[in-house]
Amino acid sequence: MNTPPSPNAPENRPVSAWQTATTTASSRARRRPGALTAGIALAVGSALVLSACSSGTAGPQEQAALTGSATEPVQGGVLEYGHLQEPNCIFGGWIQENFTARQVLDNLVSATEDGSVVPWIATDWEVSEDQLVWTLTLRDDVHFTDGTPLDAEAVAYNFDYWMDGGNGTAAAHLGGFYDHSEVVDADTVEIHLSAPFAPFLSTLSQSYFGLQSPTALQTRTVEENCTEPIGSGPFTVKDWKRGEYIEFERNEDYDWAPENARHQGPAYLEGIRWNIVPDGTSRYGSLLAGEMDAIGEVPAVNIAEARQRYDFTQYITPGRPVVINLNTERGIFTDQAVRQALSHATDREANIESAFLGTVPFEPSGYLSQSTPGYDADAAQQYPFDLEKANELLDGAGWTGRAEDGTRIKDGQRLQVKIVYGLNTIVTPDGNTAIQNFQEQARAAGFDIELRPLTPSENFSGAYSTPDSYDGSVGYWTSPHAGILNINYRPSTEEAPNGANTTFLDNEEVFTTIQQALQAPTDAEVTATFSEAQYQLSELAPAIGLYTQTNTLAVSDRVSGLWLEPAQGGPIFHDAHFTSEEARDSSQGFSAANAENEG
């Protein structure tokens, strides 16, 4: 497999990760992860890159587009942005925390639209011949907003911090691979792995790997670092009124944006007010009324209009799509035939078309989103709507009786299951409609499905994460590569629990195939072996695909330069600016309030 090359490689040629030579140095400070590392889930990936969406949806250029017309940037003003969901912390392991972290924290590298990576804090890199040592050369002029240098010591500290509990998603990606870091000099750090990890650079482009000040992490409280993390990014956290908004303020010293940024230097905007507006009608209405300059998560019913009125961008997230994970450890779905029957029992494609009004792609696969490199479209099509087949499977599994309401019965037990999901955290209101449609359609085959929407506090409490708490759960997991299968299907053990395996599947054949894919020496072998894994999973049917996880962005003509980054589709405000002084001066944000106070 070829890793994304450093643009500063010799002769500016792409360099294979299997060919670059290791470097050596003396007097290196050695760092090892702490005790928590040993229990972290094994996570891997491949050197595959982001692919285009399916027919009828946005391609890669639209997925990570620069919005607005080419206008001369106007300095200042506070941009009002409306968002559906509120993060728990500014930086964390949830995708919503990924979005906010991107405003205040910098990464070592940045992802581009074609799936490659370009320099950011790391200006150059190389990997040893045995693929176990990555040597990163850093910029020498970067500092966190508390004055701490962003140097090799800081990078090494952050790696250990992520792995020792600082970010569970980062640990899920690197766990089983990261061994320790060594500081070569102030601007050079070596990351030592215990096994080759081809997607090392692309993995680091996600904001789960945002760099924080070691001084802040060591001297401030957990709550302080949750609500106001100290990074080196284009903005800092000015204020957070939970349930209402987060205010970000420009970092005046910022001069180290990634190579694919639209400009260098501080942000054009004075700041951002990140408004939390859970109701879709209110959020879109605020854009229509001019109260918001941009919004995310445009409701399906408004997308057609938004495409006409605003700069509109849609991003199809790679990784695991939105699926129903079936509990293979306890309850009715321990029977493979029943899982297969439910997979056939509903017209999922028509359901998704109806729920999202044709604006979000149906995803037949329960394992990989269609925008994920290594996705096998044939493996994804193994469970078309076939009510006759569903009935045949249930009859064969012994569910031959029927209650008065049509629910199947076996040995006096109703075919009744409970499906849980985080409403307005994992599942949007449009997604909720799709799940309700699924519930209703499954009745024809004799399933009685109880839906249990979870509040945010319930969803994040862990109370609905064990085998005895549900028969099915709805979720997704973003990832730039097919190695997400390892995160989602690595068997959980007492020594190395895996909370990401929400089907509780424990299948050695599947796990072995995934490991073989991760260790394959060429892209072709990686793709072929991941294809085999998808067929194996499809036969076992531990999950049912529903729709692709998407991010949307609608921007008014008062603003230009706002774009979605390609790694996970988060909005980038560093390059955004108002298109005129009039637009800037009509800003509803805290800059206007400050002016009034000063007057």
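Preceding block: the structure.
Before going into details, it helps to say that this report is about the structure given with it. What you are looking at is a predicted structure, and each value in this text was computed from that prediction instead of being measured.

1. What to know about the pattern of salt bridges
All chains considered together, the criterion is met by 15 salt bridges. The closest approach of N and O atoms between Arg 452 and Glu 458, which form a salt bridge, is 2.9 Å. A residue is classified by how much of its surface remains accessible, and Glu 458, at 23% relative accessible area, is partly exposed. A single salt-bridge network, built from bridges that share partners, covers Glu 80, Glu 247 and Arg 273.

2. Focus: the pairing of strand 2 (residues 78–83)
For strand 2, a buried count of six out of six residues is recorded, marking the element as mostly surrounded by other parts of the structure. Burial of the side chains of strand 2 extends over both faces: Val 78, Glu 80 and Gly 82 are buried on one face and Leu 79, Tyr 81 and His 83 on the other. Summarising the sheet, strand 2 and strand 11 (residues 271–276) pair through six bridges and their orientation is parallel. Following the sheet pairing, His 83 is matched in strand 11 by Ile 276. Across two bridges, the pairing between strand 2 and strand 12 (residues 294–296) is parallel. For Tyr 81, the partnering residue across the bridge sits in strand 12 and is Ala 294.

3. Comments concerning helix 14 (residues 429–442)
With 14 residues, helix 14 extends 20 Å from end C-alpha to end C-alpha; this agrees with the ideal 20 Å at 1.5 Å per step. Taken residue by residue, helix 14 has Gly 431, Asn 432, Ala 434, Ile 435, Phe 438, Gln 439 and Ala 442 as its buried positions. Looking down the long axis of helix 14, one finds its buried residues gathered within 160° of arc, a one-sided arrangement.

4. Structural notes on the sheet that holds strand 14 (residues 319–326)
Spatially, the five strands line up as an open sheet ordered 19-18-20-14-21, and their pairing is mixed. Strand pairing shows two members of the sheet lacking a second neighbour, strand 19 (448–454) and strand 21 (543–547), which therefore form its edges. Put simply, the sheet's adjacent strands are angled 30° from each other on average, direction ignored. Note: strand 14 against strand 21, four bridges, orientation antiparallel. Within strand 21, the position partnered with Asn 325 by the bridge is Ala 543. In the packing of helix 14 onto the sheet, contacts are made with strand 14, strand 18 (416–422), strand 19, strand 20 (472–478) and strand 21, and the angle to strand 19 comes to roughly 165°.

5. Re a negative patch on the surface
There is a patch of like negative charges on the surface, built from Glu 223, Glu 224, Glu 228 and Asp 239. Along the polypeptide, Glu 223 turns up in helix 7 (residues 222–227). By relative accessible area, Glu 223 is classed as partly exposed at 47%.

6. A word on the state of the cysteines
Evaluation of the coordinates by the stated rule reveals one disulfide. Disulfide partner of Cys 89: Cys 226, at an S-S distance of 2.1 Å. Its S-S torsion of about -100° marks the bond between Cys 89 and Cys 226 as left-handed, since a negative value means left-handed. Taken together, the positions of Cys 89 in the loop between strand 2 and helix 2 (95–104) and Cys 226 in helix 7 put the pair 137 residues apart, joining distant regions of the chain. For the pair formed by Cys 89 and Cys 226, the shared burial category is buried.

7. Here we look at the packing of helix 11 (residues 348–355) against helix 14
The contact between helix 11 and helix 14 brings their axes to 9 Å, and the two run at 145°. With respect to the hand of their crossing, helix 11 and helix 14 are arranged in right-handed fashion. Contact with helix 11, carried on its side by Arg 348, Asn 351, Ile 352, Ser 354 and Ala 355, involves Asp 430, Thr 433, Ala 434, Asn 437, Phe 438 and Gln 441 of helix 14 and no other residues of that element. Taken together, the residues that form the contact of helix 11 with helix 14 break down as four nonpolar, five polar and two charged.

About the thresholds
- Here the residue index of a chain counts from 1 through its sequence in written order.
- Reporting in this predicted model follows two pLDDT cut-offs: at least 70 for local features of residues, and 80 or more for side-chain atom pairs to be given and counted; totals over whole chains, interfaces and linings ignore these cut-offs and use all residues.
- In computing side-chain values, all of the structure's heavy atoms are included and hydrogens and water are not.
- By convention in these notes, a salt bridge is any Lys or Arg side-chain nitrogen within 4 Å of a carboxyl oxygen on Asp or Glu.
- Exposed residues in this analysis have more than 50% of their type's maximum accessible area, buried residues have under 20%, and partly exposed residues fall in between, with area computed by a 1.4 Å probe over protein chains only.
- Put simply, DSSP marks the helices as runs of H or I at least four residues long and the strands as runs of E at least two long, and each gets a number from the N terminus on.
- Between any two strands, pairing holds if DSSP finds at least two bridges.
- Under the convention used throughout, the expected extent of a helix is 1.5 Å for every residue step, that is, one less than its residue count.
- What the arc describes is the spread of directions from the helix axis to the C-beta atoms.
- What counts as an axis is a line fitted to C-alpha atoms, over the stretch in contact for a helix, and the angles between N-to-C directions run from 0 to 180 degrees.
- When checking whether two residues touch, look at their non-hydrogen atoms; a contact exists if any pair is within 4.5 Å.
- Exposure above 30% relative accessible area and the lack of any salt bridge qualify a residue for a patch; like charges then connect within 9 Å, and the nonpolar side chains Val, Leu, Ile, Met, Phe, Trp and Tyr within 5 Å.
- Here the open area of atoms and residues is found with the Shrake-Rupley method and a 1.4 Å probe, where only the protein chains shown may cover a residue.
- In this tally, Lys and Arg are treated as positive and Asp and Glu as negative; His is ignored, and so are the chain termini.
- For this purpose, a charge sits on NZ of Lys, CZ of Arg, CG of Asp or CD of Glu.
- Disulfide: a pair of cysteine sulfur atoms within 2.5 Å of each other.
- Handedness of a crossing follows from how the near helix is turned relative to the far one, being left-handed for an anticlockwise turn of less than a right angle and right-handed for a clockwise one.
- In the scheme used here, Gly and all other residues not listed as nonpolar or charged are polar, with Ala, Val, Leu, Ile, Met, Phe, Trp, Tyr, Cys and Pro taken as nonpolar and Asp, Glu, Lys and Arg as charged.

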